[in-house]
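Secondary and tertiary structure notes
Here are the chains, one letter per residue:
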Amino acid sequence: MNGYSTSTNALRDGGRFLIIGLPGAHLSQDQIQTIREIQPSGFIFFSRNLENPLSFRNLLEQLRSLVEHEPIFAIDQEGGRVSRLKAFGSEPPGAKELGEKADLDLLREHGELTGKLLRLFGLNFDLAPVLDMDTSEREHNSLKGRSFAPDPQDVSRFAKAFIEGLKSQGILCCGKHFPGYSFAQCDPHLELPQSFKSKKELESFEWIPFRALQNSCDSFMIAHIRNFNLDPQGLPATLSSRMISIIRQEWQFTQLLVSDDIDMGAIINHYSLKDTLELSLKAGIDILLLCHRFHLVREAAAILSSFPESIKEEAAQRIENFRNRLAPPLAFSLELFQSIDHEIYSLREKVLGKERAKQRSIEDGKRSPVEIY
């Protein structure tokens, strides 16, 4: 463990700043023991965790029993191809499809049905909506079909309607990905992209939805993207105190800041685990997503615990404030799941028409791991 303390208290201290991914749909004894030791703030779920509706709900109940606090249960349920729960249910319409329809009532309905579905499983945090714009770079930067519109004012209106629906069901949301992947020319799942925009250019375009919705969003997700105009050192936003200070100091955003997955190629190809954790926390990130390397969660917790309390105290308070707003799970039934799933498919038909609704989204551009990440 490279000299870091692995005492129970140390691991729990560091675990406060982690949301972790799990390898499969069932927990091994070693995984159970690790979770008990670390007491992570929460968990994020992917298609690999989704065997069937009942087993997924049971997995969340088991996880709830292993931690001594209200766990953050996060998922990417945006709509379209990034809809984890389509593993055993209907695929909701995607952001671009909804944006093209430009019907705020349908967007609110999409948020409301998403919220109902998440509450049914005991999930409480949706890593949505995407506030990036739809640009020609989408073929290469993982955003294909995930953005509401090419115009930032439209993105603001459409995302606000989705958020209203989602929050009507008690689910907390996350606007992503600041400072913007819209014009990134590579996929951060694979490599570290770079933005060449000036601060003035960003303020007049990419940042409009973030500013417009900062009082509606319960959190922002920070992107792995480099911009030498904002940080002359070239640190990605997730590790950059200069970029995060724009949100914290200039915008006075006091809600949770979440890192994009630190297991992405944009980070692991360039930074060690220790440097990633230390720079992120010092920069002002509150909670880190460690989605795919479960074997490193003990080490990550130990590293985080080794940092001075002065670095951690504000993040810990924001996490606690966020946790206090998490909605409890609803009683589960397969009948209710099937009813909500039917409503989601009906919405899909309203947005796409009966024939297009039958065809699920396909990955027809440059392949991105976004569907499994």
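In case you missed it, the structure is sitting above this.
Structural notes, computed from the coordinates. In this text, all values refer to a predicted model and were calculated from it rather than measured experimentally.

Moving on: the pattern of salt bridges. Counted under the stated rule, the structure contains 34 salt bridges. In this structure, D13 engages R16 in a salt bridge whose closest nitrogen and oxygen atoms are separated by 2.6 Å. R16 gets classed as partly exposed once you look at its relative accessible area, which sits at 26%. For E164, the salt bridge identified is with K160, shortest N-O distance 2.8 Å. Linking E164 with K160, this pair stays in helix 7 (residues 152-167), spanning four residues, or about one helical turn. Residue class for E164 comes out partly exposed when judged on its relative accessible area of 32%. Through salt bridges with shared partners, a single ionic network connects D76, E78, R84, R146 and K176.

Our focus in this paragraph is helix 14 (residues 309-323). Taking 1.5 Å of rise per residue, the 15 residues of helix 14 would be expected to cover 21 Å, and the 20 Å separating its terminal C-alpha atoms lies within 8% of that figure. Within the sequence span of helix 14, burial applies to I311, K312, A315, A316, R318, I319, F322 and R323.

Here we take up the sheet that holds strand 9 (residues 219-222). The strand order across the open sheet built from three strands is 8-9-10, with neighbouring strands paired in parallel fashion. Looking at the sheet topology across the chains shown, the edges are occupied by strand 8 (175-178) and strand 10 (256-259). Neighbour-to-neighbour, the strand axes of the sheet open up by a mean angle of 30°, direction not taken into account. As judged from the three bridges shared by strand 8 and strand 9, these two strands associate in the parallel manner. Across the sheet, the residue bridging to G175 is F220, located in strand 9. Against the sheet, helix 10 (residues 241-250) touches strand 8, strand 9 and strand 10, its axis set at about 155° to strand 10.

The geometry of two aromatic rings is summed up by the distance between their centres and the angle between their planes. Scanning the model with the defined rule gives 17 aromatic pairs in all. Here the aromatic rings of F178 and W251 are separated by 5.3 Å at their centres, their planes lie at 75°, and the arrangement is edge-to-face. Highlighted residues: F178 in strand 8 and W251 in the loop between helix 10 and strand 10, separated in sequence by 73 residues. Both residues of the pair, F178 and W251, belong to the buried class. In this structure an aromatic cluster arises from ring pairing among F43, F45, F56, F73, F88, F121, F332 and F337. Between K197 and the ring centre of F183, over which it is positioned, the NZ or CZ distance is 3.7 Å.

Analysis parameters
- Residues numbered from 1 in each chain as written.
- Predicted model: local features only at pLDDT ≥ 70, side-chain atom pairs only at ≥ 80, totals over all residues.
- Heavy atoms only, no water.
- Salt bridge = Lys/Arg side-chain N within 4 Å of Asp/Glu carboxyl O.
- Buried < 20%, exposed > 50% of the residue type's maximum accessible area, 1.4 Å probe, protein only.
- Helix = DSSP H or I, 4+ residues; strand = E, 2+ residues; numbered from the N terminus.
- Expected span 1.5 Å × (residues − 1).
- Pairing = 2+ DSSP bridges.
- Axes fitted to C-alpha atoms, helices over the stretch in contact; angles between N-to-C directions.
- Contact = heavy atoms within 4.5 Å.
- Phe/Tyr/Trp six-rings, centres within 6.5 Å; stacked < 30°, edge-to-face > 60°.
- Lys NZ or Arg CZ within 6 Å of the ring centre and 35° of its normal.

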